[in-house]
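Observations on chain architecture
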Amino acid sequence: MTASALDQSTIWYSASNEDAQSEIAALKPEGKKILTLTASGSRAFELLLADPSEIISIDQNPAQTALAEIYAVAYKHFDYDAFCRLTGLRHDEHRRALLDEALRHVSSDAARFWRANRHKAADGLLYCGRWESFLRRFRQWAGSRRRALADELLHTHDMTSQALLWETRWDNWQWRLLLRVIAFRGLWRHILREPGISYVPDDFDMTGYARARFEHLAKNLPIHELPFAWLVFNGAYHPDILPPYLTQEGHALIAQRIERLTLQTTDLRSFLTSAPSASLDGASLSDYASYCDENEQRAVWRELARTLRCGAVVCERKFFNKTGSGLPREFGFKRDEALEDELLRQDGAWFYSFVIAQQVQP
């Protein structure tokens with residue numbers, strides 16, 4: 001079995017690269033005990049908005065756990081203004097003082113990480129990840145004309161005009177060349193140092209898939225309303241178009257429920273192997289398959305079959321590595337292909353496909 005880990009001294013993801021409304025629609029978390037993967041922490045926090053009984057959020061990278069711990073402290077101990085200043089939603093020249101206050105409440109491991117990486121918080125937590133840094137650099141590399149066109153796209157409120165702008169002005173030879181660059185495996189392997197590229201099958205058309213998903217976005221989704229679209233095309237969120245966990249309403253509700261969240265640093269299979277049988281009501285597994293081969297995925301689904309209660313649902317997102325989609329049936333799960341298709345069409349982070357599977361064997 002083969003699996004890879006990202007550099008565990010680095011924050012890879014610091015903003016929301018997904019649309020957790022899809023997970024909420026699939027898992028229906030109210031009153032349930034849900035397992036999720038931490039990454040930036042955004043999905044765990046947004047699942048709290050759906051009133052679960054407990055969220056267990058795990059990540060094999062201690063840097064991601066340290067980031068989520070700071071957020072959890074900010075929800076619990078800071079008002080919304082201080083929360084915004086710490087995270088970088090609002091300017092604050094004294095942000096490091098807020099960080100020092102937050103460090104009084106975190107674990108010793110998280111405090112040690114942030115004291116060694118104080119510079120990462122200097123411009124706010126929200127955009128300190130390697131992926132978010134790449135998106136900002138990518139916007140600069142695109143050039144002034146493409147940036148201006150991206151801004152126009154983000155401010156187009158009519159779907160017909162949006163689709164026409166994309167077809168006549170955005171989707172040209174330069175965009176198609178850019179997609180080939182984005183899909184160049186050497187970029188992911190040597191520049192981004194992304195180990196997951198090793199698990200994308202050689203015959204998977206990364207360029208074609210990327211173009212198809214962006215075309216779906218342009219023709220079917222309101223770009224100006226999507227926080228993830230602002231992150232991709234602008235390099236940062238619009239202050240009025242935020243993921244729910246960053247809004248004032250979201251902050252207030254998460255603050256009331258933050259004690260229901262448990263953060264652990266461990267890998268997915270190790271956690272499942274040590275978990276009691278029939279102890280979970282659902283699992284949100286975002287893109288874990290990007291970092292393992294099909295045999296490792298098989299081991300994960302075997303343990304999911306043991307640790308999930310009958311009727312529990314798994315919501316898995318897949319990025320470029322689509323292998324393993326048929327594994328749930330091998331272990332007694334029932335695929336909800338209608339919901340998978342619906343989420344593929346509606347998800348505000350348009351790049352992902354879904355595997356939705358329900359445990360139907362006791």
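Everything here concerns the structure above.
All values derive from a computational prediction rather than experimental measurement. (Residues numbered from 1 in each chain as written. Predicted model: local features only at pLDDT ≥ 70, side-chain atom pairs only at ≥ 80, totals over all residues. Heavy atoms only, no water.)

A word on the environment of Ala68
Residue position: Ala68 is located in helix 3 (residues 62–77). Between the alpha carbons of Ala68 and Leu125 there is a distance of 10.0 Å; along the sequence they are 57 residues apart. If near-sequence neighbours (up to four positions away) are discounted, Ala68 is found in contact with Thr38, Gly41, Phe45 and Leu263. (Helix = DSSP H or I, 4+ residues; strand = E, 2+ residues; numbered from the N terminus. Contact = heavy atoms within 4.5 Å.)

Some words on the pairing of strand 1 (residues 33–37)
Residues in a regular strand point their side chains to alternate faces of the sheet. Of all five residues making up strand 1, four are buried, and the element is well covered by its neighbours. Looking at chain direction, strand 1 and strand 2 (residues 54–59) are connected through five bridges and run parallel. Pairing of Ile34 across the sheet is with Ile55, part of strand 2. Sheet topology places strand 1 next to strand 4 (residues 280–286); three bridges connect them, and they run parallel. Directly across from Ile34, in strand 4, lies its bridge partner Gly282. (Buried < 20%, exposed > 50% of the residue type's maximum accessible area, 1.4 Å probe, protein only. Pairing = 2+ DSSP bridges.)

Examining the environment of Leu67
Relative to the assigned elements, Leu67 resides in helix 3. A relative accessible area of 0% places Leu67 in the buried class. Considered as a pair, Leu67 and Ser14 are 53 residues apart in the sequence and their alpha carbons are 7.6 Å apart. Dropping the residues within four chain positions of it, Leu67 is found in contact with Ile11, Tyr13, Ser14, Ser40, Trp114 and Leu125.

Quick look at a nonpolar patch on the surface
On the surface, a nonpolar cluster with roughly 310 Å² of combined accessible area is contributed by Trp173, Leu177 and Val181. Along the polypeptide, Trp173 turns up in helix 10 (residues 173–182). Residue classification places Trp173 among the exposed positions, given a relative accessible area of 57%. (Patch = residues over 30% accessible without salt bridge, like charges linked within 9 Å, V, L, I, M, F, W, Y side chains within 5 Å. Areas by Shrake-Rupley, 256 points an atom, 1.4 Å probe, with all protein chains shown as cover. Salt bridge = Lys/Arg side-chain N within 4 Å of Asp/Glu carboxyl O.)

Observations concerning the sheet that holds strand 2
The strand order across the open sheet built from seven strands is 3-2-1-4-5-7-6, with neighbouring strands paired in mixed fashion. Pairing within the sheet leaves two strands with one partner each, and these edge strands are strand 3 (261–265) and strand 6 (333–335). Looking at each pair of strands side by side, their axes are set apart by 20 degrees on average, direction ignored. Relative to strand 5 (residues 308–318), strand 4 runs parallel, the two sharing six bridges. Across the sheet, the residue bridging to Leu285 is Glu316, located in strand 5. Packing against the sheet, helix 16 (residues 294–307) makes contact with strand 4, strand 5, strand 6 and strand 7 (353–359), and its axis sits at approximately 150 degrees to strand 5. (Axes fitted to C-alpha atoms, helices over the stretch in contact; angles between N-to-C directions.)

Some thoughts on the pattern of salt bridges
One pass over the structure, following the stated rule, counts 24 salt bridges. Put simply, Arg260 and Asp51 hold a salt bridge, and the shortest N to O gap is 2.6 Å. Residue Arg260 is located in the loop between helix 14 (248–257) and strand 3, and its partner Asp51 is located in the loop between helix 2 (42–48) and strand 2; the two are separated by 209 residues in the primary sequence. The class for Arg260 is partly exposed, based on a relative accessible area of 27%.

So, the packing of aromatic side chains
Per the stated rule, a full pass over the model turns up 33 aromatic pairs. Consider the rings of Phe214 and Phe351, whose centres lie 6.1 Å apart with planes at 75 degrees: the pair is edge-to-face. With Phe214 in helix 12 (residues 206–220) and Phe351 in the loop between helix 18 (337–346) and strand 7, this pair connects stretches of sequence that are 137 residues apart. Taking relative accessible area as the criterion, Phe214 reaches 8% and is therefore assigned buried. Using a relative accessible area of 10% as the deciding quantity, one classes Phe351 as buried. Between Arg136 and the ring centre of Tyr127, over which it is positioned, the NZ or CZ distance is 4.4 Å. Just above the ring of Tyr352 sits the side chain of Arg317; from NZ or CZ to the centre is 5.0 Å. (Phe/Tyr/Trp six-rings, centres within 6.5 Å; stacked < 30°, edge-to-face > 60°. Lys NZ or Arg CZ within 6 Å of the ring centre and 35° of its normal.)

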